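Below, each chain spelled out in residue letters.
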Amino acid sequence: MTETTAPFEPKPLGDGYFQDPLSVFARMRAESPVTSVITPEGQRAWLITRYEDVRRALADPRLSKDWRKLRAPGFVPDPSVGFLMAHMLNADPPDHTRLRRLVQKAFTPGRVAGLRPRIEAITASLLDAMAAARAADPAGDGVIDLITEFAFPLPMTVICELLGIPDGDREEFKTWSQVILSSTATFDEYRAAGGAMYQYFTRLLADKRAAPADDLLSALITARDSGDSLDEPELLAMIFLLLVAGHETTVNLIATGTLALLAHPSEFSRLRADPSLLPGAVEELLRFANPLNHATDRYAPEPLEVGGVMIPAGEPVLVVTSSANRDPARFPDPDRLDLGRDASGHVAFGHGIHYCVGAPLARLEGEIAFGGLLARFPGLSLAVDPAALRWRPSSLIHGLETLPVRLG
Ligand code: HEM
């Protein structure tokens, strides 16, 4: 029996969503490109899945990011998680402009290029450690989790050094961050992780105020303490955003990008043979691997027509960047990884005023990571059946739980 569903009766995204979101979006793109769903968190949301609609929506000032304006008057958020909200991804101009301006200078391509030697050194030391562990255990199976050993510590170390956050608490931070971004964590788990982060950041700020240094955190504290550029909750939320956005996404570019290369051996060999392809390859890997499933929440204060569909006022809108990057109307043969293709115009970093501040850093990290990994371990291979790989239960993040590889 076939069941018919009213066109805009929200459909649950379903169990298969986490494990294969791109197939779910491909169906929507073909059949119902602007559609209402129930997210894994149990919320109703509108998804926009075609490239042209996605680009237009990301640049449309009628879609607001400041969903805090939707709250009933007098609403007070839970204090342990409320501080996580006051950042630029939840702000419209002029607050967004003010907050973004405070950090933009630190991430220009010129400033980021100056980090190249340090990122290369961090990459080399991680690759050395992987090679040393293999050499120390010649009888072992040579299998490592590429995320634990490489894809996570590389961007995490870089963003911590840039901000001026000491080593040590990174594993704990990884756990909190994964809970905050999980779509299946309970509210108590979310609150506990948020509370732990709050205490951690408060301590960090006190330490930094006592001993300022030449780092981004000290510069933000100076901005906070010497003028009215941002208040204390905004300062805490800024650190949270930079730290989470600075690693959660790049981890997945490196890990999922490596998986894509391993699944396309001819592209792997092509890149290894010709490192001059690296900058273009990173763009294609961003398009193909999609570290984020969709952009962060937006909503329309007034009813808004998108692709012939009327989205009601106040309902959450998710602009599905990963779907746009696989739209055959924009990228021919979109499910084929082709490191030589012109992938410019992909929306993995978003578009419009919220376009990723960290894009130059992420690109450089990707280039150095893929270049280093392929040069050092040309015999790299997947150590498990691809069907055994599991994806994280997050609506936003498109990332593997682990990536077992054999170093070769
Ligand atoms: C491969 C890595 C990365 C990807 C795929 C990525 C993706 C994105 C996307 C799609 C947005 C826009 C979200 C929206 O409009 O809702 C964004 C914004 C942002 N990203 Fe990234 N990002 C990456 C790396 C980084 C890094 C390394 C940083 C460093 C701090 C960073 C910091 C930010 C910030 C602060 C914003 C907010 C910008 C604003 O609201 O104006 N990202 N990112």
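Residues numbered from 1 in each chain as written. Predicted model: local features only at pLDDT ≥ 70, side-chain atom pairs only at ≥ 80, totals over all residues. Heavy atoms only, no water.

K.L.:
Just to check I follow, could you spell out the sheet that holds strand β10 (residues 404-406) for this structure?
P.N.:
Sheet architecture is open: three strands sit in the order β4-β10-β9, paired in antiparallel fashion. If you trace the sheet from one side to the other, it starts and ends with β4 (143-145) and β9 (381-382), each paired once. Taken together, the two bridges between β9 and β10 define a ladder with antiparallel strand orientation. Of the residues in β10, the one forming a bridge with Leu382 is Val405. (Pairing = 2+ DSSP bridges. Helix = DSSP H or I, 4+ residues; strand = E, 2+ residues; numbered from the N terminus.)

K.L.:
What is the right way to look at the site of the ligand in this model?
P.N.:
Neighbouring the ligand are 28 residues, the closest being His96, Arg100, Thr296, His354 and Cys356. Here an oxygen atom of the ligand and a side-chain polar atom of Arg100 are 2.7 Å apart. At 2.8 Å, a side-chain N or O of Arg298 approaches an oxygen atom of the ligand. Where the shell around the ligand is concerned, the elements lending two or more residues are α5 (95-104) and α13 (232-263). No other element matches α13, which puts seven residues into the shell around the ligand. Looking at the shell around the ligand, its residues break down into 18 nonpolar, eight polar and two charged. (Near = heavy atom within 4 Å. Polar contact = N/O pair within 3.5 Å; in protein donor to acceptor, adjacent residues only side chain to side chain. Nonpolar A, V, L, I, M, F, W, Y, C, P; charged D, E, K, R; others polar.)

K.L.:
Would you mind going over the packing of α13 against helix α15 (residues 278-289) with me for this structure?
P.N.:
Two packed helices can be described by the angle between their axes and the distance between those axes. Packing of α13 against α15 leaves a shortest axis separation of 9 Å and a crossing angle of 95°. Comparing their axes, α15 and α13 come out roughly perpendicular. Every residue of α15 that contacts α13 at Leu253, Thr256, Gly257, Ala260 and Leu261 is listed here: Leu285, Leu286, Phe288 and Ala289. (Axes fitted to C-alpha atoms, helices over the stretch in contact; angles between N-to-C directions. Parallel < 35°, antiparallel > 145°, perpendicular 65-115°, else oblique. Contact = heavy atoms within 4.5 Å.)

K.L.:
What should I look at first to understand the state of the cysteines in this one?
P.N.:
Any covalent bond linking the sulfur atoms of two cysteines counts as a disulfide. This model, assessed by the stated rule, comprises zero disulfides. Considering cysteine sulfurs only, Cys356 is the nearest to Cys160, which forms no disulfide, with 17 Å between them. (Disulfide = S-S within 2.5 Å.)

K.L.:
Sorry if this is basic, but what is going on with the sheet that holds strand β2 (residues 34-38) here?
P.N.:
Whenever strands of a sheet pair, they do so through backbone hydrogen bonds, lying parallel or antiparallel. Taken in spatial order, the five strands of this open sheet run β1-β2-β3-β8-β5, and their pairing is mixed. In this open sheet, the two strands that pair with only one neighbour each are β1 (11-12) and β5 (298-299). The sheet contact formed by β2 and strand β3 (residues 44-48) spans five bridges and is antiparallel. Residue pairing in the sheet places Val34 in a bridge with Ile48 of β3.

K.L.:
Looking at this structure, how should I read the environment of Arg116?
P.N.:
Counting through the fold element by element, Arg116 comes out in helix α7 (residues 116-136). Separated by 252 residues in sequence, Arg116 and Ile368 place their C-alpha atoms 8.3 Å apart. Every residue in contact with Arg116, bar those within four places of it in the chain, is listed here: Leu364, Glu367 and Ile368. At 3.1 Å, the side chain of Arg116 and the side chain of Glu367 are in polar contact.

K.L.:
Help me out: how do you make sense of the side chain of Thr258 in this one?
P.N.:
Here Thr258 shows up in helix α13. Sequence-distant contacts of Thr258, defined by excluding residues within four places in its chain, comprise Leu146, Leu253, Phe370, Leu373, Leu380 and Leu403.

K.L.:
What's the story with the environment of Gln104 in this structure? I'm lost.
P.N.:
Along the polypeptide, Gln104 turns up in helix α5. On the basis of relative accessibility, which here comes to 37%, the residue Gln104 falls in the partly exposed class. C-alpha of Gln104 to C-alpha of Val357: the two residues are 253 residues apart in sequence and 6.4 Å apart in space. (Buried < 20%, exposed > 50% of the residue type's maximum accessible area, 1.4 Å probe, protein only.)

K.L.:
When you look at the coordination of the iron atom of the ligand in this model, what are you seeing that I'm missing?
P.N.:
For a metal bound by four donors in a tetrahedral arrangement, the ideal donor-metal-donor angle is 109.5 degrees, while six donors in an octahedral arrangement ideally sit at 90 or 180 degrees. No other protein atom reaches the iron atom of the ligand as a donor apart from Cys356 (SG), found 2.3 Å away. Along the polypeptide, Cys356 turns up in the loop between α16 (321-324) and α17 (359-376). (Donors = N, O, S within 2.8 Å, 3.2 Å for Na, K, Ca; no water.)

K.L.:
How should the packing of α13 against α17 be read in this particular structure?
P.N.:
Look at α13 against α17: their axes get within 10 Å of each other, and the N-to-C directions meet at 40°. By the angle between their axes, α13 is oblique relative to α17. Pair α13 / α17 crosses with right-handed handedness. Across the interface between the two elements, Thr250, Leu253, Ile254, Gly257, Thr258 and Leu261 of α13 pack against Ala362, Glu365, Gly366, Ala369, Phe370, Leu373 and Leu374 of α17. Of the residues contributing to the contact of α13 with α17, the split by class is eight nonpolar, four polar and one charged. (Left-handed = near helix turned anticlockwise from the far one by under 90°.)

K.L.:
Before we go on, may I ask you to explain the packing of aromatic side chains in this structure?
P.N.:
Between two aromatic rings, the relevant description is the distance of the centres plus the angle of the planes. Scanning the model with the defined rule gives ten aromatic pairs in all. A ring pair is formed by Tyr51 and Phe331, whose centres lie 5.9 Å apart and whose planes are at 90°; its orientation type is edge-to-face. Here Tyr51, found in helix α3 (residues 51-58), pairs with Phe331, found in the loop between α16 and α17; they are 280 residues apart in sequence, far enough to count as distant. Through pairs of rings, three or more aromatic residues link up here, namely Phe173, Trp176, Tyr200 and Phe201. (Phe/Tyr/Trp six-rings, centres within 6.5 Å; stacked < 30°, edge-to-face > 60°.)

K.L.:
I would appreciate a short explanation of helix α2 (residues 21-31) in the present structure.
P.N.:
For an α-helix, 3.6 residues make a turn, and residues three or four places apart therefore share a direction. Taken as a whole, α2 has its buried residues at Pro21, Leu22, Val24, Phe25, Met28 and Arg29. The buried residues of α2 occupy an angular sector of 155° when projected down its axis, which confines them to one face. Facing away from the buried side of α2 by over 90 degrees, the exposed positions are Ala30 and Glu31. (Arc of directions from axis to C-beta.)

K.L.:
Explain the environment of Ala375 to me, please; I cannot follow it from the model alone.
P.N.:
Mapped onto the elements, Ala375 comes out in helix α17. On the basis of relative accessibility, which here comes to 60%, the residue Ala375 falls in the exposed class. Considering only alpha carbons, one finds Ala375 and Ile165, 210 residues apart in sequence, at a separation of 30 Å.

K.L.:
What is the right way to read the confidence of the model for the protein from this model?
P.N.:
Do not read the fine detail of predicted coordinates wherever pLDDT is low. On average, the protein scores 91 in pLDDT, and the residues at 70 or more come to 95%. Every residue in residues 1-6 is under pLDDT 50, and counting partners more than four places away or in other chains gives one contact. (pLDDT = per-residue confidence, 0-100.)

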